[in-house]
Amino acid sequence: MTELVVGTKKGLFLLEGEPGSDYEIKVRAFAGQPVDFATRDTRSGRLLATVTSPFYGPKIFYTDGDPDAEWEQADGVALPEGGDWALERIWVMARGEVDGTVYAGGDPGVLFESHDGGACWELNAGLWEQPSRSHWQPGGGGLCLHSICTWPGDPDKLAVAVSAAGIWLTEDGGGTWRRGNQGLNPSYLPEEALRDENAGRCVHHVERAPKQPDRMFMQFHGGVYRSDDAGASWTDIGGGGLPSDFGFPLMVDPADPDSAYVIPLVADMDRVTPDGRVRVYETRDAGSHWAARGDGLPAEHAYLTVLRQAFSRAKDGGQLELYFGATSGDLFGSGDAGSTWSTVATRLPPVFSVVAI
Amino acid sequence: MAVVCVRGPLRRLAGGRAEHELDGATVLELLRALELCHPAVEGWIVDERGQIRRHINVFVNGERGGGATAVRSGDRVEVLPAITGG
């Protein structure tokens, strides 16, 4: 049985089911509110949700019990008082390597840490105090920290990605950070602007290969990239069969460091699936070749948009399950590593995030 | 003392009461006083910059006001989510 934790524009949904069979919606929580991201920490069983009320601002909530009942508001999810910045949104959460550690990334390019499973949070000062921060440029969705890549077995190593302030790397647990943007080619910038390291590096999503942690994959704003040196430098792998190198989400098979999956969209000015067909593209050779995986997905007049957090996986290898949701409210799943797909749910509110447990 | 009126989730966070008699010379001072009495309200009306959130409206005796609006004893301050959307 797989649990899907789905954040939508109008609430949190929990679904349960098996690949290829019907999934049942078990819970709807935060009715009417935008749930930007939600997940369950499998170590504790705790559900965590980030909710950005248009009236009351972004909050993190958690529950250890019945998700239909009251949720607790987490403490410390705020920027320093009296400054020029306010927290706009929490985009993502990720479990750390140490039991009880959870990270949260948000706008304006901030990282929060919790060491009690998500009840109390504190701002990562090293990233907050980056001297270049005042020059960081926001992407279309704001100055969002949307990707948090831990390093299996080493809690000191972390990579985060900020749109459009690029990749930031730490090897001392977040005390100090350095950029990791070498090789990225923002074709939307004039060539002279590339010399300015603060000019927009619009990273859309980053994942690390758990079995070979110095290998990472990135969906860029026009480009798909691979790093073999833990995010310090990047090689373009966006050719080789992709219909477009624009898109948002990206996923990997934890069992195979050469694997990655993307869901291309036409282009930045037309953010829908190409040719009216929904297709996931898979590489098993680290990006040299990409193959379409669309068996069971809508193949005609389907102009879907899949957001950066709306792609997830469970298990690995031959049992790899993949799930993604679209702003159309459709949710799709595969129980065979993307070879075949089925519809998990339709007519949900616009899907912001999917986490498969 | 002025009276600060809250509703919806703010009422729940403010101890379940809609009306709160508080001291303060401005709307912002009253809202800070409300946070002191009910810490759960912190961050819901006023953001980290000390500004009333963009989509929250404040009315003083029925007139639209802001954080710096002066208040006097007996004034009534309504805190309302804005009507937003199309």
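Everything numeric in this text was worked out from a predicted model, so none of it was measured.

J.: What is the right way to look at the overall build of chain A in this model?
T.: In terms of helices and strands, chain A carries one helix and 28 strands. If you line up chain A on its principal axes, its C-alpha atoms span 50 × 50 × 35 Å. Every one of the 357 residues in chain A was classed for burial, and the buried ones make up 60%. In chain A, of all internal contacts separated by at least 6 residues, the share reaching a separation of at least 24 is 49%. Total accessible area computed for chain A in this model is approximately 13,500 Å², and 46% of it derives from carbon and sulfur atoms. Taken together, the 29 basic and 51 acidic charged side chains of chain A have centroids lying 3 Å from each other.

J.: For this particular structure, what's the right way to read the environment of Glu-72 of chain A?
T.: Residue and element names in this part refer to chain A. Mapped onto the elements, Glu-72 comes out in strand S7 (residues 72-73). Glu-72 sits in the partly exposed class, given a relative accessible area of 47%. Sequence separation between Glu-72 and Arg-208 is 136 residues, and the spatial gap between their C-alpha atoms is 31 Å. Sequence-distant contacts of Glu-72, that is, excluding residues within four places in its chain, are made with Ile-60, Phe-61 and Tyr-62.

J.: Sorry if this is basic, but what is going on with the state of the cysteines here?
T.: As used here, a disulfide is simply a covalent bond connecting the sulfur atoms of two cysteines. Per the stated rule, a full pass over the model turns up zero disulfides over all chains. Of the cysteine sulfurs around Cys-202 of chain A, a residue in no disulfide, the closest is that of Cys-144 of chain A, at 7.6 Å. Cysteine Cys-5 of chain B shares no disulfide, and the gap to the nearest cysteine sulfur, in Cys-37 of chain B, comes to 15 Å.

J.: Whenever I open this one, the sheet that holds S7 of chain A confuses me. Can you help?
T.: The strands making up a sheet are joined through hydrogen bonds of the backbone, oriented either antiparallel or parallel. Residues and elements named next belong to chain A. In spatial order, the strands read S4-S5-S6-S7; together these four strands make up an open sheet with antiparallel pairing. Pairing within the sheet leaves two strands with one partner each, and these edge strands are strand S4 (35-41) and S7. By the bridge criterion, seven bridges tie strand S5 (residues 46-53) to strand S6 (residues 57-63) in an arrangement that is antiparallel. Note that in S6 the partner of Ser-53 across the bridge is Gly-57.

J.: Looking at this model, I keep getting lost on the interface of chain A and chain B. Mind explaining?
T.: In many analyses, interface size is given as the accessible surface area lost on bringing the parts together. The partner chain B presents 17 residues to the 19 residues of chain A that form the contact. Of the roughly 1,400 Å² buried between chain A and chain B, counting both surfaces, carbon and sulfur atoms make up 51%. When the area that chain A buries against chain B is broken down by residue, the three leading residues are Phe-55, Tyr-56 and Glu-81 of chain A, summing to 47%. On inspection of chain A and its partner chain B, the count reaches two salt bridges. A salt bridge links Arg-32 of chain B to Glu-81 of chain A, with the shortest nitrogen-to-oxygen separation between them at 3.7 Å.

J.: Can you walk me through the packing of aromatic side chains in this structure?
T.: Pairs of aromatic rings are described using the distance from one ring centre to the other and the angle between the two planes. All names here are of chain A. Summed over all chains, the structure comprises twelve aromatic pairs over all chains. Here the aromatic rings of Trp-136 and Trp-168 are separated by 5.3 Å at their centres, their planes lie at 35°, and the arrangement is tilted. Pair noted here: Trp-136 is in the loop between helix H1 (125-128) and strand S12 (144-151) and Trp-168 is in strand S14 (residues 166-170), with a separation of 32 residues, a long-range link. We note that Trp-136, like Trp-168, is buried.

J.: What is the right way to look at the pattern of salt bridges in this model?
T.: Where charged atoms from two side chains of opposite charge approach closely, those side chains can pair. Residue and element names in this part refer to chain A. On inspection of all chains with the given rule, the structure shows 24 salt bridges over all chains. We note a salt bridge from Asp-275 to Arg-279, for which the minimum N-O separation is 3.3 Å. Given the relative accessible area of 62%, Asp-275 is considered exposed. Ionic contacts of the salt-bridge type, sharing partners, join the residues Asp-253, Asp-256, Glu-282, Arg-284 and Arg-293 into one network.

J.: What should I look at first to understand the pairing of S4 of chain A in this one?
T.: Each regular strand displays side chains that alternate between the two surfaces of the sheet. Residues and elements named next belong to chain A. When you tally the buried positions in S4, you get six out of seven residues, the bulk of the element. Here six bridges tie S4 to S5, and the two strands are oriented antiparallel to one another. Residue pairing across strands places Thr-39 opposite Leu-48, the latter belonging to S5. Once S4 ends, the chain turns through four residues before running back antiparallel as S5, passing Gly-45 with a positive phi of about 85°.

J.: Even after reading the chapter, I still don't get the sheet that holds strand S9 (residues 102-107) of chain A, so can you show me in this structure?
T.: Residue and element names in this part refer to chain A. Strands sit in the order S8-S9-S10-S11 across an open sheet of four strands; the sheet is antiparallel. Bordering the open sheet on either side are strand S8 (89-95) and strand S11 (122-123), each of which pairs with just one other strand. Bridge count between strand S10 (residues 110-114) and S11: two bridges; the pairing is antiparallel. Counted as the bridge partner of Phe-112 is Leu-123 from S11.

J.: Looking at this structure, I do not really get helix H2 (residues 27-37) of chain B. What am I missing?
T.: Given 3.6 residues per helical turn, the α-helix brings residues three or four places apart onto the same face. Looking at H2 of chain B, one finds that the buried residues are Val-27, Leu-30, Leu-31, Ala-33, Leu-34 and Glu-35 of chain B. On the buried face of H2 of chain B, the contacting elements are strand S1 (2-5), strand S2 (19-22), strand S3 (56-60) and strand S5 (76-81) of chain B.

J.: Sorry, what's going on with unusual backbone geometry here?
T.: Note: most residues except glycine have negative phi, and most peptide bonds are trans. Residues and elements named next belong to chain A. A cis geometry characterises the amide bond from Asp-107 onward to Pro-108, with omega recorded as 25°. In this chain, Ser-163 is followed by Ala-164 through a cis amide linkage whose omega measures 10°. Within the element layout of this structure, Ala-164 appears in the loop between strand S13 (154-163) and S14. Notably, Phe-30 is not glycine yet its phi reads approximately 55°, a positive angle.

About the criteria used
Residues numbered from 1 in each chain as written. Chains lettered and ligands numbered in written order. Predicted model: local features only at pLDDT ≥ 70, side-chain atom pairs only at ≥ 80, totals over all residues. Heavy atoms only, no water. Helix = DSSP H or I, 4+ residues; strand = E, 2+ residues; numbered from the N terminus. Buried < 20%, exposed > 50% of the residue type's maximum accessible area, 1.4 Å probe, protein only. Contact = heavy atoms within 4.5 Å. Areas by Shrake-Rupley, 256 points an atom, 1.4 Å probe, with all protein chains shown as cover. Lys, Arg positive; Asp, Glu negative; His and termini not counted. Charge placed at Lys NZ, Arg CZ, Asp CG, Glu CD. Disulfide = S-S within 2.5 Å. Pairing = 2+ DSSP bridges. Buried area = accessible area lost by both parts, 1.4 Å probe. Salt bridge = Lys/Arg side-chain N within 4 Å of Asp/Glu carboxyl O. Phe/Tyr/Trp six-rings, centres within 6.5 Å; stacked < 30°, edge-to-face > 60°.

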